[in-house]
Amino acid sequence: MHSVTAAANFTVRQDWTLAEIQTLFALPFNDLLYQAHRLHRRYFDPNAVQISTLLSIKTGACPEDCKYCPQSARYHTGLKAETLMRVEDVLAQAKLARDNGATRFCMGAAYRGPKDKDLDNIVNMIRAVRGLGMETCATLGMLTAAQAQRLADAGLDYYNHNIDTSEDYYREIITTRCFQDRLETLQHVRDAGMHVCCGGIIGMGEGLNDRAAMLHTLATLPEHPESVPINQLVQVEGTPLHGRAAVDPFDFIRVIAVARILMPKAHVRLSAGRTQMHDEMQALAFFAGANSIFYGEKLLTTDNPEQDADRRLFARLGIHAEALAADADLEEGVGAAEKHEQRRATT
Ligand code: SAM
Ligand code: DTB
Ligand code: SF4
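Being a predicted model, the structure only gives us computed values, none of them experimental.

Procedures and definitions
Residues numbered from 1 in each chain as written. Chains lettered and ligands numbered in written order. Predicted model: local features only at pLDDT ≥ 70, side-chain atom pairs only at ≥ 80, totals over all residues. Heavy atoms only, no water. Near = heavy atom within 4 Å. Nonpolar A, V, L, I, M, F, W, Y, C, P; charged D, E, K, R; others polar. Helix = DSSP H or I, 4+ residues; strand = E, 2+ residues; numbered from the N terminus. Buried < 20%, exposed > 50% of the residue type's maximum accessible area, 1.4 Å probe, protein only. Contact = heavy atoms within 4.5 Å. Polar contact = N/O pair within 3.5 Å; in protein donor to acceptor, adjacent residues only side chain to side chain. Salt bridge = Lys/Arg side-chain N within 4 Å of Asp/Glu carboxyl O. Pairing = 2+ DSSP bridges. Right-handed = clockwise from strand over helix to strand, strands pointing away. Expected span 1.5 Å × (residues − 1). Axes fitted to C-alpha atoms, helices over the stretch in contact; angles between N-to-C directions. Parallel < 35°, antiparallel > 145°, perpendicular 65-115°, else oblique. Left-handed = near helix turned anticlockwise from the far one by under 90°. Phe/Tyr/Trp six-rings, centres within 6.5 Å; stacked < 30°, edge-to-face > 60°. Lys NZ or Arg CZ within 6 Å of the ring centre and 35° of its normal. Core = buried A, V, L, I, M, F, W, Y, C linked by side-chain atoms within 4.5 Å.

Visitor: Teacher, can you tell me more about the site of ligand 3 here?
Guide: With respect to spatial proximity, the complete set of residues near ligand 3 consists of Cys62, Glu64, Cys66, Tyr68, Cys69, Ser72, Ala110, Tyr111 and Arg177. Per-class residue counts for the shell around ligand 3 are six nonpolar, one polar and two charged.

Visitor: Whenever I open this one, the environment of Gln93 confuses me. Can you help?
Guide: Secondary-structure assignment places Gln93 in helix H3 (residues 87-99). You can call Gln93 partly exposed: its relative accessible area is 36%. When the C-alpha positions of Gln93 and Thr53 are compared, they lie 9.5 Å apart, and in sequence the two are 40 residues distant. Not counting chain neighbours up to four residues away, the residues in contact with Gln93 comprise Leu55 and Phe105.

Visitor: What is the right way to read the site of ligand 2 from this model?
Guide: Lining the immediate surroundings of ligand 2 are Leu54, Pro70, Thr139, Asn160, Asn162, Pro229, Asn231, Phe294, Leu299, Leu300, Thr301 and Thr302. Between ligand 2 and the protein, one listed contact pairs an oxygen atom with a side-chain N or O atom of Asn231 at 2.8 Å. A distance of 2.7 Å separates an oxygen atom of ligand 2 from a polar side-chain atom of Thr301. Its residues assigned to classes, the shell around ligand 2 comprises six nonpolar, six polar and no charged.

Visitor: Can you help me understand the side chain of Ser227 in this one?
Guide: In this structure, Ser227 sits in strand S7 (residues 227-232). Here the side chain of Ser227 touches Arg269 through a polar contact of 3.1 Å, side chain to side chain.

Visitor: Please explain the pattern of salt bridges as it appears in this structure.
Guide: For side chains of opposite charge, pairing can occur when their charged atoms come near one another. Scanning the entire structure with this criterion turns up 20 salt bridges. Here Asp99 and Arg98 are joined by a salt bridge, their closest N and O atoms 3.5 Å apart. Look at Arg98 and you get partly exposed, because its relative accessible area is 35%. Lys298 serves as the salt-bridge partner of Asp303, at 3.3 Å between the closest nitrogen and oxygen. When salt bridges with common partners are traced through the structure, they connect Arg13, Asp15 and Glu20 into a single cluster.

Visitor: Before we go on, may I ask you to explain the pairing of strand S1 (residues 48-58) in this structure?
Guide: For a regular strand, the rule is simple: side chains alternate between the two faces of the sheet. Counting buried residues along S1, 11 of its 11 residues qualify, which places the element largely inside the surrounding structure. For S1 and strand S10 (residues 320-321), the ladder comprises two bridges, and the chain directions are parallel. Counted as the bridge partner of Ala48 is His320 from S10. Running through H3, the crossover from S1 to the neighbouring parallel element strand S2 (residues 104-109) is right-handed.

Visitor: Please explain helix H9 (residues 249-262) as it appears in this structure.
Guide: Every α-helix winds through 3.6 residues per turn, so residues three or four apart in the chain are directed the same way. End to end, H9 covers 20 Å across 14 residues, agreeing with the expected 20 Å (1.5 Å per residue, within 8%). In terms of residue burial, H9 counts as a mostly covered element, since 11 of its 14 residues are buried. Buried within H9 are the following residues: Phe252, Ile253, Arg254, Val255, Ile256, Ala257, Val258, Ala259, Arg260, Ile261 and Leu262. Two to three positions downstream of the cap, the backbone nitrogen of Phe250 sits 2.9 Å from a side-chain oxygen, assigning the N-cap of H9 to Asp248.

Visitor: Looking at this structure, how should I read the packing of helix H10 (residues 279-288) against helix H11 (residues 307-317)?
Guide: As a packed pair, H10 and H11 sit with axes 11 Å apart at the nearest point and diverge in direction by 60°. Here H10 lies oblique to H11, going by the angle between them. Read as a crossing pair, H10 and H11 show a hand that is right-handed. Side by side, H10 and H11 meet where Asp279, Gln282, Ala283 and Phe286 of the first sit next to Leu313, Phe314, Arg316 and Leu317 of the second.

Visitor: What exactly am I supposed to notice about the packing of aromatic side chains here?
Guide: For any pair of aromatic rings, the description rests on two quantities: the centre-to-centre distance and the angle between the ring planes. For the structure shown, the criterion picks out three aromatic pairs. Ring centres of Phe286 and Phe314 lie 6.2 Å apart, and the angle between their planes is 85°; this geometry places the pair in the edge-to-face category. Taken together, the positions of Phe286 in helix H10 and Phe314 in helix H11 put the pair 28 residues apart, joining distant regions of the chain. With respect to burial, Phe286 and Phe314 carry one shared label: buried. Against the face of Tyr43 rests Arg42, its NZ or CZ located 6.0 Å from the ring centre.

Visitor: Just checking my understanding: could you explain the nonpolar core for this structure?
Guide: Within soluble globular proteins, side chains that are nonpolar tend to cluster in buried spots. Tyr68, Leu140, Leu151, Leu215 and Ile230 are the most contacted members of the largest nonpolar core, which totals 93 residues. The greatest single-element share of this core, amounting to nine residues, is contributed by H9. Apart from the residues lying within four places of it in its own chain, the contact partners of Leu215 are Ile21, Phe25, Ile230, Val255, Val258, Ala259, Leu262 and Met263. In terms of nonpolar packing, the next biggest core, distinct from the first, is built from seven residues, Leu54, Cys106, Tyr158 and Phe294 among them.

Okay, here's the thing in structure tokens:
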């Protein structure tokens with residue numbers, strides 16, 4: 001019989017072994033969900049879900065070859081490439097998102113990594129969005145240490161940079177960079193004092209062991225990511241992964257539950273792929289420990305559920321939007337990095 005006590009002592013651990021994670025994946029579904037939900041209640045309001053809205057600030061024509069991505073210049077997906085947006089236009093979209101209830105605004109760019117001159121504009125976007133009283137997040141590809149510092153100095157709260165899958169399977173999915181490059185950027189983000197948002201994609205043809213290995217990498221980082229997006233592959237015609245077999249919904253929920261157990265203080269985000277999920281599956285994901293979503297009718301280039309549908313789902317489940325943390329300090333313009341420094345100085 002499988003043990004259900006592995007996560008019973010409620011400590012936050014960075015020393016998970018791959019074998020322990022595989023054991024969690026092998027648990028009967030109800031035992032796994034019970035453990036995950038129990039931990040979830042320990043650290044979070046089980047009826048609160050954090051809401052982020054995404055905007056693609058630079059679309060398509062990306063030099064990278066990520067096999068899942070409609071924005072790679074190598075695949076013919078019919079996507080219209082767009083250059084970096086103007087600060088005023090980004091600000092208008094952020095205001096709309098805020099008025100619709102989002103507390104975090106995430107700006108995504110189809111770069112391998114940003115050029116320093118692009119960062120001049122992006123820094124202004126970050127300052128403008130923070131001025132609205134929202135948390136800021138950006139996902140711009142690989143960063144140097146100096147670029148990460150510039151973003152932190154501008155007040156960027158979160159940087160999203162996914163490891164996507166296991167180190168082994170990464171080679172099958174992307175050839176223009178390696179897993180180690182991802183880890184290096186994540187380290188620069190940490191060193192600059194920003195919060196880390198890092199997760200992956202399920203449904204790319206990876207095996208169960210790849211899912212376990214991906215979560216093992218995340219859960220054994222020196223500090224767990226504050227935010228862990230779990231995406232279900234959005235299959236876009238023209239990308240090499242179009243036509244992959246669909247994931248068993250219960251297997252997807254297992255990934256959410258295991259992420260919750262391994263990283264009990266992280267927000268686990270039910271990210272891309274929600275248009276393919278029934279309400280019942282999303283409810284199960286929230287029970288298993290997901291407590292963040294992307295809200296708004298678009299992700300970056302693909303569809304996300306209609307806002308009305310999400311409002312109805314929240315109402316049916318008695319879920320409310322999570323309020324900003326009391327220490328968000330947005331009015332004063334204090335970013336994650338500065339808060340980190342303040343905490344260090346007072347401890
Ligand atoms: N270019 C930057 C990078 O790759 O880090 C930032 C933008 S990129 C679109 C951000 C993330 O979106 C990827 O790391 C991947 O996890 C996710 N993503 C992209 N296409 C996806 C798809 N078709 N389905 C699910 N997730 C996807
Ligand atoms: C993440 O993990 N998922 C988001 C966000 N981080 C940047 C992106 C999903 C993209 C889905 C495909 C698209 O819309 O282009
Ligand atoms: Fe470019 Fe990011 Fe898409 Fe890869 S995931 S092709 S780096 S936009």
